[in-house]
Amino acid sequence: MHTSEHREQFIVPIGPQHPALKEPGHFEFTVDGETVTAASARLGYAHRGIEKACEQRTWVQNLYLFERVCGICSHIHATCYAAAVEKLAGVEAPPRAQAIREVVAELERIHSHLLWLGVAAHEAGFDTLFMYTWRDRETVMDLLEVITGNRVNYSANILGGVKNDITPEQSAEVLKGLDFLEKRIQHYLHVVQNDEFFLQRTRGIGVTTKEMAERLGIVGPTARASGVARDVRVDSPYIAYPQFPVNMMVEESGDLEARTVIRIKELTESCRVIRQILENMPEGEIETKMPRRIKEGEVLMRVEAPRGELWYFVKSNGGEKPERVHVRTPTIPNMASVVALAVGHQLADIPMILAGIDPCFSCQDRAVIVNYAKGGHDHWTWEDLRRYGIEYYRKQRRV
Amino acid sequence: MRIATMIGDISRSLFRKPVTRQYPFEKSATPKALRGRVEWDAAKCTGCNLCVRDCPAMALDLHILDRKNKQFVMRYHLDRCVFCAQCEESCRFDAIHLSDKKWELAALTQDPFDIFYGEENNVRTVVEKVLKGNAGQDAGKDSGAKAQAK
Amino acid sequence: MNNINGLIALLLFPSGLFIMAGGLAYQWIDRKLVAQLQNRIGPRWFQPFADVVKLLVKEEVIPEGANPWLFQAMPILALASALTAVLYVPMFGLRAAYSFPGDLIVTVYLMSVLTISIALAGTNTLTRFSLVGATRALTQLFCYEAPFLLALLGPAIAAGSWQIGEIAAYAGKNWWMIITQPVGFFIAMVGLMGKLELPPFDAPEAETEIVAGALTEYSGRGYALFRLAQGVELIVGLTLISLFYLGGISNPLFFIVKTLCLLFILAALQALLTRLRIDQTVGLWWRFIAVLGLLQFLAIAIFATWRWIG
């Protein structure tokens, strides 16, 4: 009798196009019945060459390019870049500008976390929660439009300050909106902590221990849900966080419930700090003069994006354009936890685990692979990359 | 430990109109800060070109016919514009601002996205110059471009 | 003459075109109710009709590796058996087109054919989403089938008949059985949600995991027929529950009011509950609902025997 060593594997592919993913990524889950036995991820479908593109643009133009790294957390990208360039140039934005930056950043956090809550509820199959959170997200988007003039890609920053001041009328409108939001946030906290059917899908699922979170280098709310007390806003305060500090939220259990709860608790904290800033807004200018050429040097800037720690490395050679900018978005370290956690869980939990880190695929896809074997050279210009891309796809289509 | 925690929400919604805004039929007021189409004031412009240099989307072309007599034509590529208002920030003479009224910019053809600001005869000169520059590529554009001249 | 009546019953009323249109209308009401509960607008009235027309016009792509015959036969079988079930059920407050002792069993059997055809259609293709969906559909079938049957048997035993018409007549003459057998009513409602794969029992077609479940590969006519069959089954299920638990055949107006009330309960449950994982579904049915059903069944049986002896 012959028995085969290899059992036939049943692999469920998720992505690049799949209803659970709002952006392209590819995951392969080997399942035994409903239980996942192995997992792998392939990323890089949404690589856009932003880091390379920025080397061809001026310091000012890049502000708007980096704002488009991520659609949900556009402000924090621009803030991080602007703060880095200001540090490099030795210019300090006025306190009022910094405070406005913090207001927009925290409003953006509310917007992002509410969006996440809706997505997570949808992945769990709780569409009513999804619809209601997104309905209330409209409120915060309208508030952002009142302050900055746009619902997404707010463009609140310029190098050396912010574009628009917050007038007392705008401030009153924001405070009114916050009253409504705070009430709803409390209600959602009640729902996710008490709804028996929703808890069945979140409690005890995808448990990330503190040890595991530290080993994988998980950042942001995902790490704080596992008891890792790490928040850039608290650890190394930037913009106006020294004057208007936030309290760090930490949950211990590390499962999906903790990740949901921590994000909602952060919303309450954001509302509180926005209120505090609006009531004690520093007076003064909202912009300072920035030189067009930034003096030579390099700088590393860390901020806390809604998804976790985001950092920018900026290097200048003294010209009008940056020599090199490197971005690390929070999704890439968190992605490791998806593959690590998936094994042993049910197939039905996978979308929840994936959504639990609040992934942003387009943000993280930034690697460029240069194939030396094919005679590539080690310095590629924007034109080279563009030509390479066009030729690559032309070849693909002909096959 | 309860089931159906959202019963309050759904029972309230039952007797309430849906919140969905039926956009083209009901419009909501836009905030003052809203960033719409770029408006350019020829009288205030000095032709310093700062807006053109700072535009991240290469949406502005300033054609200087005569700097002394302030004979400028601004070609505004609406289809490239990302409405970031950096031009408004960069302009030291307050010649550019983004309208908070003109934001419904959808159109069925491409012509309305190519806007020329300036005096009519100057615009004509520039349009001819532009067309000569890419002759054969979009020759059919001139009628539309002229129609848009302001 | 008899043949013409039969043809009308099969093709126009109660089975056939009429019930298909009715099924789509009820599906629309269901979607609209859920939308209203979620504070949004929902589809316009012709949306399900437009969907079905569009799907019927579309080309049917038969995927590689599937048995073409089975692939095309399954939707037809599903719709045909759902339509046949209609013939034995007193629809819209009128008498059933055909009736014989034991037609309840046949109807319940015909209603299960839909799930079985969906599962077979899923296993027929090579798509992994379909296979997982089909497995889940069958797993779920084994869960709700027994309790659902028990829930329908309760009234049958109380009436002492296996004929839908007679049970309905009994239900019309006595107290509404929603009061005398509330547990049975609850189980029948939840069982219907399982049968129709409505949330929270939509694990077999959970879109965030397995796209469209067993029907992932169906794109054109086949999908339209499955949709129609689901609509028909929705009406048949609602009718059976309203007949048995809400006071018999009554008249067309009351029929519509009663079934719409039931539909509203279904919509509210859909809006309130989170999708269950398949293992949780199985646990819920066998540990909780099946036990409840059995207890009620025992109570009814003891009561009936006692009355029979006494």
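Residues numbered from 1 in each chain as written. Chains lettered and ligands numbered in written order. Predicted model: local features only at pLDDT ≥ 70, side-chain atom pairs only at ≥ 80, totals over all residues.

Further remarks concern helix α5 (residues 127–148) of chain A. If you check α5(A), its first and last C-alpha atoms are 31 Å apart, about what 22 residues at 1.5 Å a residue would give, namely 32 Å. Following α5(A) by one or two positions, A:G149 adopts a phi angle in the positive range, close to 100°. (Helix = DSSP H or I, 4+ residues; strand = E, 2+ residues; numbered from the N terminus. Expected span 1.5 Å × (residues − 1).)

With that settled, consider the pairing of strand β3 (residues 71–77) of chain B. Residues and elements named next belong to chain B. Along β3, five of the seven residues are buried, which leaves the element largely enclosed by surrounding structure. With six bridges connecting them, strand β2 (residues 60–66) and β3 associate as antiparallel partners. By the bridge assignment for β3, L62 is matched with M74. In sequence, β2 turns back onto β3 through a hairpin of four residues, with K70 there showing a positive phi of about 55°. For β3 and strand β5 (residues 114–117), the ladder comprises four bridges, and the chain directions are antiparallel. Note that in β5 the partner of M74 across the bridge is Y117. (Buried ≥ 20, exposed ≤ 12 C-beta atoms within 10 Å, placed from the backbone. Pairing = 2+ DSSP bridges.)

Attention now moves to the interface of chain A and chain C. Contacts between chain A and chain C engage 25 residues on the former and 24 residues on the latter. Contributing elements (two or more residues each) for the side of chain A that touches chain C: β1 (10–14), α4 (95–124), α5, α7 (196–202) and α13 (350–356) of chain A. Residue composition of the side of chain A that touches chain C, grouped by class: 14 nonpolar, six polar and five charged. (Contact = placed C-beta atoms within 7 Å. Nonpolar A, V, L, I, M, F, W, Y, C, P; charged D, E, K, R; others polar.)

All names here are of chain B. Read across the sheet, three strands follow the order β2-β3-β5 without closing on themselves; strand pairing throughout is antiparallel. Looking at strand neighbours, the two that pair on one side only are β2 and β5, the edges of this open sheet. Averaged over all pairs of adjacent strands, the angle between strand axes in this sheet comes to 15°, irrespective of strand direction. (Axes fitted to C-alpha atoms, helices over the stretch in contact; angles between N-to-C directions.)

Let us look at the confidence of the model for chain C. In low-pLDDT regions, the fine details of the predicted coordinates are not to be read closely. Residues and elements named next belong to chain C. On average, chain C scores 84 in pLDDT, and the residues at 70 or more come to 97%. Between the elements of chain C, mean pLDDT differs from a low of 71, seen in helix α1 (residues 2–11), to a high of 90, seen in helix α3 (residues 47–57). Both confidence scores are given for the complex: pTM 0.86, ipTM 0.85. (pLDDT = per-residue confidence, 0-100.)

Another aspect to go through is the sheet that holds β1(A). All names here are of chain A. Taken together, three strands build an open sheet; the order of strands is β1-β2-β3 and the sheet is antiparallel. Both outer strands of the open sheet, β1 and β3 (35–42), are each paired with one neighbouring strand and no more. Across the sheet, the mean angle separating the axes of adjacent strands is 25° when strand polarity is ignored. Sheet topology note: the β1/strand β2 (residues 26–32) ladder contains five bridges and is antiparallel. Across the sheet, V12 pairs through a bridge with F29, a residue of β2. Strands β2 and β3 of the sheet are contacted by helix α12 (residues 331–342), whose axis makes an angle of about 155° with β3.

Next up on the list: unusual backbone geometry. Residue C:P200 is reached from C:P199 by a cis peptide bond, and omega for that bond is 5°. Mapped onto the elements, C:P200 comes out in the loop between α9 (182–195) and α10 (207–210). At B:K70, a residue that is not glycine, the phi angle is positive and equals roughly 55°. With respect to the helices and strands, B:K70 occurs in the loop between β2 and β3. In this structure, C:E197 is a non-glycine residue whose phi angle is positive, near 55°.

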